[in-house]
Amino acid sequence: SGINAEYWKQWYQRRVRGLFCTMIFITFLAVLSGILAEETPSDVSSLSRRSDNHLAACQLIRDEAQEIRSEAYTAIDKADTIREQAYRAKDEAFEMKEDAMGTRLALEQALVESLVLMKSQNAATSLYIQEMRSSLATVTTKLELLEREMQRVQGEVADVNSALGQSTTRLELINSAMEQSAEDIEDRIDEKTQEISDKLSKLDSLLVRKRESGELIPADRVEQSSTHPSTAYYGPENAVDGNVGTQTHTHVDGQPQWFKYFFSQEEQVGQIKIINGKISGPNIHRLNGLKVAVMASGTHKQTCQPERLVVREGESIPSQTYFISCNGNRGIGVEFLLPSGTYLEFREIEVYAS
């Protein structure tokens, strides 16, 4: 940029000198042409006009020289601006060079450290590989020993299996003999058990006290399907407490309701007396359809008569007292079943011997 500024300066000086030389030469030519032509005083005005024209031309040349000078100064200013920008670019280039050098040094240092670290890691890896090879050799040796041991154990297992096969055959023979003996023993036990059962049955029949006809058979225990959740007590014991002022009352759950009267021993049942739980109002008919049966065992039952109870009209204890005949059926108790699933209520139940 410094060279360009100097160039434009010299160019301007040469241009100005050329213009002045041209002006002097033109003036000289004008004067010379007037003298040579021997102009008359009448031509002085013409010569004066030419001089004015030449002076105007010189003024134009001077103005043009001034414009060229201004352009030269402008070019010099631009050259100075370019030179300053070049200097700044040069400084920035130096700074970038310094940064690049610093980055290069940092990268070289990091590269050296990485190489040192990789070298140490490679050394550690080599040592670990050597240890693994040693361990692998040890494991291989142990596997060979284990394989030989397994072969020995397999031989022993084969011997044991052979012995077990022989033992199994002997055990089968022994089991067959034991099964035959067990069957014989079971047959003998069954015969003895039946014999003892027959003797016990005879003994029970001798020990059972035979009740007189019409004698009250007391309840050993009583049960009912459910109990009404009321403030008053409606448990099954109320039917056998001898008090007509109390009563039982089940809770309806959509299932048939029942009441069971158990004896202390097997009894022969004749007649059963029932007092309805309700003796007035529309609820006296809840006992309609009641079925009574003597329980010969937990599942076998013998029906009493009538098969289904029909409630009578009348609002008193005598009118709501019913008698059921069981025809001397023997059993361990009596079941009262109401299939309709409505409330089952009793004031008293009395069971008499046949």
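Structure: above.
Definitions and cut-offs
Residues numbered from 1 in each chain as written. Predicted model: local features only at pLDDT ≥ 70, side-chain atom pairs only at ≥ 80, totals over all residues. Heavy atoms only, no water. Helix = DSSP H or I, 4+ residues; strand = E, 2+ residues; numbered from the N terminus. Rg over C-alpha atoms; globule rule 2.2 N^0.38 Å. Buried < 20%, exposed > 50% of the residue type's maximum accessible area, 1.4 Å probe, protein only. Areas by Shrake-Rupley, 256 points an atom, 1.4 Å probe, with all protein chains shown as cover. Lys, Arg positive; Asp, Glu negative; His and termini not counted. Charge placed at Lys NZ, Arg CZ, Asp CG, Glu CD. Salt bridge = Lys/Arg side-chain N within 4 Å of Asp/Glu carboxyl O. Disulfide = S-S within 2.5 Å. Core = buried A, V, L, I, M, F, W, Y, C linked by side-chain atoms within 4.5 Å. Patch = residues over 30% accessible without salt bridge, like charges linked within 9 Å, V, L, I, M, F, W, Y side chains within 5 Å. Pairing = 2+ DSSP bridges. Polar contact = N/O pair within 3.5 Å; in protein donor to acceptor, adjacent residues only side chain to side chain. Contact = heavy atoms within 4.5 Å. Phe/Tyr/Trp six-rings, centres within 6.5 Å; stacked < 30°, edge-to-face > 60°.

Peer 1: How should I be thinking about the overall build of the protein in this particular structure?
Peer 2: On a plain count of helices and strands, the protein comes out with 2 helices and 6 strands. Seen in sequence order, the protein has helices and strands lined up from the N terminus as α-α-β-β-β-β-β-β. Computed over the C-alpha atoms, the radius of gyration of the protein is 72 Å, more than 25% above the 20 Å expected from 2.2 N^0.38 for a compact globule of 354 residues. For the protein, buried positions account for 21% of its 354 residues. Carbon and sulfur atoms make up 57% of the accessible area of the protein, which totals about 24700 Å². Each charge sign in the protein was given a centre, from 38 positive and 52 negative side chains, and these centres are 4 Å apart.

Peer 1: Help me out: how do you make sense of the pattern of salt bridges in this one?
Peer 2: Pairing between side chains becomes possible if they bear opposite charge and their charged atoms approach one another. What the rule picks out here adds up to 12 salt bridges. One salt bridge in this structure joins Arg104 and Glu108, with 3.1 Å as the shortest N-O distance. A residue pair is termed a helical-turn pair when its members lie 3 or 4 positions apart in one helix, as Arg104 and Glu108 do in helix α2 (residues 44-207) at 4 residues. What makes Glu108 partly exposed here is its relative accessible area of 37%. Put simply, Arg152 and Glu156 hold a salt bridge, and the shortest N to O gap is 2.4 Å. Linking Arg152 with Glu156, this pair stays in helix α2, spanning 4 residues, or about one helical turn.

Peer 1: Can you walk me through the state of the cysteines in this structure?
Peer 2: What is meant by a disulfide is a covalent connection between two cysteines, made through their sulfur atoms. The final tally for this structure, using the stated rule, is 1 disulfide. Disulfide pairing is shown between Cys304 and Cys326; the S-S distance is 2.2 Å. With the S-S dihedral at roughly 100°, the linkage between Cys304 and Cys326 falls on the right-handed side. Placement of Cys304 in the loop between β4 (301-303) and β5 (321-338) and of Cys326 in strand β5 is noted, with a sequence separation of 22 residues between them.

Peer 1: Where do I start with the nonpolar core in this structure?
Peer 2: Formed by 28 residues in total, the largest nonpolar core has its most connected members in Ile272, Leu290, Phe336 and Phe346. Mapped onto this core, the elements with two or more residues apiece are β2 (257-276), β3 (291-295), β5 and β6 (346-353). If you look at the next biggest cluster of nonpolar residues, it comprises 5 residues, including Leu19, Met23, Cys58 and Ile61.

Peer 1: Just checking my understanding: could you explain a nonpolar patch on the surface for this structure?
Peer 2: A cluster of nonpolar side chains, contributed by Phe25, Phe28, Leu29 and Leu32, occupies part of the molecular surface with about 380 Å² of accessible area. Relative to the assigned elements, Phe28 resides in helix α1 (residues 2-36).

Peer 1: Got a minute to help me understand the environment of Leu32 in this structure?
Peer 2: As for its position among the elements, Leu32 is in helix α1. Owing to a relative accessible area of 34%, Leu32 belongs among the partly exposed residues under this scheme. Taking C-alpha positions, Leu32 is 164 Å from Thr169, a pair spaced 137 residues apart along the chain.

Peer 1: For this particular structure, what's the right way to read the pairing of β3?
Peer 2: Sheet faces and side chains relate simply in a regular strand, where the side chains alternate between the two faces. For β3, a buried count of 4 out of 5 residues is recorded, marking the element as mostly surrounded by other parts of the structure. One ladder, built from 5 bridges, connects β3 with β5; its direction is antiparallel. Directly across from Val292, in β5, lies its bridge partner Phe336. Linking two consecutive strands that pair antiparallel, namely β3 and β4, is a turn of 5 residues.

Peer 1: Looking at this model, I keep getting lost on the pairing of β6. Mind explaining?
Peer 2: By the criterion of burial, β6 is predominantly enclosed, with 6 of the 8 residues buried. In the sheet, β2 pairs with β6 via 6 bridges, with the strands oriented antiparallel. If you follow Lys273 over to β6, its bridge partner there is Glu350.

Peer 1: Explain the environment of Gly298 to me, please; I cannot follow it from the model alone.
Peer 2: Along the chain, Gly298 falls in the loop between β3 and β4. Residue class for Gly298 comes out exposed when judged on its relative accessible area of 70%.

Peer 1: In this structure, what is going on with the side chain of Gln257? I would like to understand it.
Peer 2: Mapped onto the elements, Gln257 comes out in strand β2. Given a relative accessible area of 1%, Gln257 falls into the buried group. A distance of 2.8 Å separates a polar side-chain atom of Gln257 from the backbone oxygen of Gln255. Residues in contact with Gln257, not counting those within four places in the same chain, are Ser225, Ser226, Thr250, His251, Val252, Phe336, Leu337, Leu338, Gly341, Thr342 and Leu344.

Peer 1: Looking at this structure, how should I read unusual backbone geometry?
Peer 2: Negative phi characterises most residues that are not glycine, and trans characterises most peptide bonds. Backbone torsion omega between Gln305 and Pro306 reads 0°, so that peptide bond is classified as cis. In this structure, Pro306 sits in the loop between β4 and β5. Phi at Asn327 takes a positive value of approximately 60°, unusual for a residue other than glycine. Of note, Asn327 is situated in strand β5.

Peer 1: Sorry, what's going on with the packing of aromatic side chains here?
Peer 2: Two measures describe an aromatic ring pair: the distance that separates the ring centres and the angle between the ring planes. Throughout the structure, instances matching the rule amount to 4 aromatic pairs. Consider the rings of Phe259 and Phe336, whose centres lie 6.1 Å apart with planes at 65°: the pair is edge-to-face. Of this pair, Phe259 sits in strand β2 while Phe336 sits in strand β5; the two residues are 77 residues apart in sequence, bridging distant segments of the chain. Like Phe336, Phe259 is buried.

Keep in mind these values describe shape, not function.
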